[in-house]
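Listed here are the chains, written in short residue letters.
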Amino acid sequence: CWAVACVCVGTDDAAALARMQRTADAGGIELIVAALQAHPQVAAVQDNGCWALANVCFGSDAAARARRQGAVIAGATEAVAGAMQAHPGDAAVQRHGQRLRDLLA
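Counting restarts for each chain: residues are numbered from 1 in the order of the written sequence. Only residues with pLDDT of at least 70 get local features here, since the model is predicted, and only at 80 or more are side-chain atom pairs given and counted; chain-wide, interface and lining totals rely on the full set of residues. The side-chain values count all of the structure's non-hydrogen atoms but skip hydrogen atoms and water molecules.

Colleague: Which residues make up the overall build of the protein chain, and what are the values?
Modeller: Numbering of helices and strands runs from the N terminus; a helix is a DSSP stretch of H or I covering at least four residues, while a strand is a stretch of E covering at least two. When you go through the protein chain residue by residue, the secondary structure sums to seven helices and zero strands. Counting from the amino terminus, helix and strand elements in the protein chain follow one another as α-α-α-α-α-α-α. Accessible area is worked out with a 1.4 Å probe on protein chains only. A residue is then buried under 20% of its type maximum, exposed over 50%, and partly exposed in between. Relative to its 105 residues, the protein chain shows a buried fraction of 41%. Relative to all contacts within the protein chain whose residues are 6 or more apart in sequence, the contacts with residues 24 or more apart total 63%. Note on areas: these come from Shrake-Rupley sampling with a 1.4 Å probe, and a residue is covered only by the protein chains present in the view. Just so you have it, the protein chain exposes about 5200 Å², and 61% of that area is on carbon and sulfur atoms. Two residues qualify as a contact provided that any one of their heavy atoms is within 4.5 Å of a heavy atom in the partner residue.

Here is the structure:
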C-alpha cells in the first residue's frame, strides 16, 4: 500500500493523473481494499491503505469520479470506517482515513 501511495502522489498534473488511472485499471483499488480488510489490526496497513486509496481517488475529472465510485463498490467506505474505529489513537490512520472519507462522500 505504501508503494502505491507514493506512486500515486501528485496533483492534477497529467503524469500524476495517468499513474492514478493506471493503478485503478490494474486492479489497485480492489487490492488495497482487500489488504485493509485482511489486516484490520495492523495500523501500518490501515494508514498506508487509506493514504494509497485517497491518492488513487484524487482528482476532479470524470475519471477521478469513476475511481471514487469504484472504490465505494470495492468496499472502501466500510474499510476506512473500520480502520478509523480500530485505530482511534493513531493520528496517521485518522488523518488519511478522514481524507479518504471526504473524497468518497
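Colleague: Can you lay out helix H4 (residues 43–56) for me, pointing to particular residues and giving the numbers?
Modeller: Within an α-helix, residues lying three or four positions from one another point in the same direction, as the helix has 3.6 residues per turn. One less than the residue count of a helix, multiplied by 1.5 Å, gives the span that helix is expected to have. The end-to-end C-alpha distance of H4 is 20 Å, a good match for the 20 Å that 14 residues give at a rise of 1.5 Å each. Burial runs high along H4: 10 of the 14 residues are buried.

Colleague: Could you give me a rundown of the side chain of Gln 46, with the residues and numbers involved?
Modeller: Inspection of the secondary structure assignment puts Gln 46 in helix H4. Excluding anything up to four places from it in sequence, Gln 46 contacts Ala 35, Leu 36, His 39, Pro 40, Ala 79, Ala 83, His 87 and Val 93.

Colleague: If you had to explain the side chain of His 96 to someone new, which residues and values would you point to?
Modeller: Tracing the backbone through its elements, the reader meets His 96 in helix H7 (residues 91–104). Setting aside chain neighbours within four positions, we find His 96 in contact with Asp 47, Cys 50 and Trp 51.

Colleague: Describe the nonpolar core, with residues and values.
Modeller: If you look at the biggest cluster of nonpolar residues, it comprises 20 residues, and the most contacted ones within it are Ile 29, Leu 53, Ala 71, Ala 76, Leu 100 and Leu 104. Residue contacts for Ile 29: discarding those within four places in its chain leaves Thr 23, Ala 24, Leu 53, Val 56, Arg 67, Gly 70, Ala 71 and Ala 74. Put simply, a nonpolar core is a bunch of buried Ala, Val, Leu, Ile, Met, Phe, Trp, Tyr and Cys residues held in one set by side-chain atoms that sit within 4.5 Å of each other.

Colleague: Go over the packing of helix H3 (residues 28–38) against H4, please, and point to the residues and values.
Modeller: Every axis in this analysis is a line fitted to C-alpha atoms, fitted for helices over the stretch in contact. Angles between the N-to-C directions lie between 0 and 180 degrees. Viewed as axis vectors pointing N to C, H3 and H4 meet at an angle of 160°, and their least axial separation amounts to 9 Å. As the angle between them shows, H3 and H4 are arranged roughly antiparallel. You can see that H3 and H4 cross each other, and the crossing is left-handed. Side by side, H3 and H4 meet where Ile 29, Ile 32, Val 33, Ala 35 and Leu 36 of the first sit next to Val 45, Gln 46, Gly 49, Cys 50, Ala 52, Leu 53 and Val 56 of the second. Across the contact of H3 with H4, the residue classes break down as 10 nonpolar, two polar and no charged. Roughly parallel refers to an angle under 35 degrees, roughly antiparallel to one over 145, roughly perpendicular to one between 65 and 115, and oblique to any angle outside these ranges. Helix crossings are classified by the rotation of the near helix relative to the far one: an anticlockwise turn of less than a right angle makes the crossing left-handed, while a clockwise turn makes it right-handed. For this scheme, ten residues count as nonpolar: Ala, Val, Leu, Ile, Met, Phe, Trp, Tyr, Cys and Pro. Four count as charged, namely Asp, Glu, Lys and Arg, and the remainder, Gly too, count as polar.

Structural measurements only, silent on function.
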